[in-house]
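# Examination of the molecular architecture
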There are 2 protein chains.
Amino acid sequence: MGDREEQRRLIVAGASAYVVAEGLTKLSLRPLAARLGTSDRMLLYYFDSKDELVAEVLQALSADLRAVLAASIPARRVPVRTLVEAADALLARPEMRSSAALCLELLGLAARGADPYATAARSLLADWIDWAETRLSGPPRGRRARAVGAVACIEGILVLRAVGLGERLRGALGGLLR
Amino acid sequence: MGDREEQRRLIVAGASAYVVAEGLTKLSLRPLAARLGTSDRMLLYYFDSKDELVAEVLQALSADLRAVLAASIPARRVPVRTLVEAADALLARPEMRSSAALCLELLGLAARGADPYATAARSLLADWIDWAETRLSGPPRGRRARAVGAVACIEGILVLRAVGLGERLRGALGGLLR
DNA sequence: CTGCGGCTGTAGCAATCGCTACGTCCGGCC
DNA sequence: GGCCGGACGTAGCGATTGCTACAGCCGCAG
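A brief structural summary. (Residues numbered from 1 in each chain as written. Chains lettered and ligands numbered in written order. Predicted model: local features only at pLDDT ≥ 70, side-chain atom pairs only at ≥ 80, totals over all residues. Heavy atoms only, no water.)

Helix and strand counts for chain A come out as 8 helices and 0 strands. In chain A, the succession of helices and strands from N to C terminus is α-α-α-α-α-α-α-α. Across its three principal axes, chain A shows a C-alpha extent of roughly 55 × 35 × 30 Å. When the 178 residues of chain A are sorted by exposure, 50% land in the buried category. Of the contacts made within chain A by residues no fewer than 6 positions apart, 62% connect residues no fewer than 24 positions apart. Summed over all atoms, the accessible surface of chain A reaches about 8,300 Å², with 53% contributed by carbon and sulfur. (Helix = DSSP H or I, 4+ residues; strand = E, 2+ residues; numbered from the N terminus. Buried < 20%, exposed > 50% of the residue type's maximum accessible area, 1.4 Å probe, protein only. Contact = heavy atoms within 4.5 Å. Areas by Shrake-Rupley, 256 points an atom, 1.4 Å probe, with all protein chains shown as cover.)

Structure below.
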């Protein structure tokens, strides 16, 4: 046992759950290590730096989120309005609250261009745009632009829900899109 | 000179500029005080805590931003699409970059409900919704809902621009809204 | 048995954080 | 002159940060 790669995977998995629950902004190695039953010393033994660990955690969480997205949104191609409404319904689920909060934390940390956050945020959103493109109906011409717009709307929903203005959203965007 | 309220105003003004330039997430009293030509000791003499200072700074910046918004967006009532496009054009201006980044930082810090950030973020967005409502044309019936949707779109634009995906936005949202 | 190299616990580093105790200076009041 | 209270500088507290130096443990090769 004790393959190094396996240890790294275990740490990333545990750290991901911890980050979703406790937040990214104030993440620090010692409390994280305590929750994982180890020490900061060991985290930095398996990862060269906190940033490297964070980068891997964010990559794992991005994959997780993408899987949730794929599993919760109808597989057929739909118009922009339907896609946005489906994402809205997904974000309204209580168990998605902390993931949504984490997304916002990531965007906030990335806002000044600081890595590893900026890289992770950019690839997360680019992923979403790619994914939206595969789910949109209508003419292929301009589909990418519509995907970008859809993701923008979804991000807006994320923001409003996160600050507690979610109830005002009820159908507001659906009626606006065509 | 020396009126206490006047000193507080001076500090808030200086701190606001500093926060816009340097960011909110890693704001700390000592470097801020150094920039203002004073000491952390004095900041905490005029404000009971860092949180109180931050709350006042965010309030001031919210007012500033609202003034910029009022000055840069056509005063007449317009449809949602036009309003969103105008906000997009405003956010595209280089001198708005750090303000936009600051908004995202604020949202990220507010995401877990921690004050003073959460309160400031909520009131900022509520302000924007109110403002959008005064600028929207069309039937008063449902105008508020359209204002919420418009703000959601604008927040989405903010997010995409902040992570460097702004160029993909070119007209993507305008074509989507009716 | 000896030695060696990977794993890990202990302890500590220097830096930074918000905040505070303490002393001092200084202008106005009696 | 004596005094008092607001303004301010100096210095430091206790906690926390990411990271590291050091030593011991343990299994395996010689």
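Residues and elements named next belong to chain A. By the definition in use, this model includes 2 aromatic pairs over all chains. Each ring, one from Tyr45 and one from Tyr46, has its centre 5.2 Å from the other, and the planes form 80°; the classification is edge-to-face. The class of Tyr45 is partly exposed, set by a relative accessible area of 43%. Note on Tyr46: relative accessible area 14%, which makes it buried. In this arrangement the basic side chain of Arg4 is found over the ring face of Tyr45, its NZ or CZ atom lying 5.0 Å from the centre. (Phe/Tyr/Trp six-rings, centres within 6.5 Å; stacked < 30°, edge-to-face > 60°. Lys NZ or Arg CZ within 6 Å of the ring centre and 35° of its normal.)

The next subject is helix H7 (residues 117–135) of chain B. The end-to-end C-alpha distance of H7(B), which contains 19 residues, comes to 27 Å, matching closely the 27 Å that a straight helix rising 1.5 Å per residue would cover. Tyr117(B), Ala118(B), Ala120(B), Ala121(B), Leu124(B), Leu125(B), Ala126(B), Trp128(B), Ile129(B), Trp131(B), Ala132(B) and Arg135(B) are the residues of H7(B) that are buried. (Expected span 1.5 Å × (residues − 1).)

Rotating chain B by 180° about the axis while translating it 0.0 Å along that axis superimposes it on chain A, leaving an RMSD of 0.0 Å. Read as a symmetry element, the transformation amounts to a two-fold axis. Of all interface residues in chain B, 100% are interface residues in chain A too; the two copies therefore contact each other through one and the same surface. (Least-squares fit on C-alpha atoms with pLDDT ≥ 70 in both.)

All names here are of chain B. Computed from the structure, the largest pocket encloses a volume of approximately 400 Å³. Considering the residues around the largest pocket, the lining is formed by 21 residues, among which Leu58, Gln59, Leu61, Ser62 and Leu124 are closest to the centre. At the level of elements, helix H4 (50–72), helix H6 (97–110) and H7 are the ones that each hand at least two residues to the lining of the largest pocket. The biggest single contributor to the lining of the largest pocket is H4, with 8 residues. Along the lines of polarity and charge, the residues of the lining of the largest pocket split into 13 nonpolar, 5 polar and 3 charged. (1 Å grid on protein atoms, 1.4 Å probe; cavity = no way out; pocket = protein on both sides within 12 Å on 5 of 7 lines; lining within 4 Å. Points joined across faces, edges and corners; volume = space filled by probe spheres on them. Nonpolar A, V, L, I, M, F, W, Y, C, P; charged D, E, K, R; others polar.)

This next bit is on the packing of H6(B) against helix H8 (residues 143–162) of chain B. Residue and element names in this part refer to chain B. Two elements in contact, H6 and H8, have axes separated by 10 Å at closest approach and are oriented at 110°. Put simply, H6 runs roughly perpendicular to H8. Of the residues in H8, those in contact with Arg97, Ala100, Cys103, Leu104 and Leu107 of H6 are Glu155, Leu158, Val159, Arg161 and Ala162. Here the contact of H6 with H8 is built from residues that sort into 7 nonpolar, no polar and 3 charged. (Axes fitted to C-alpha atoms, helices over the stretch in contact; angles between N-to-C directions. Parallel < 35°, antiparallel > 145°, perpendicular 65-115°, else oblique.)

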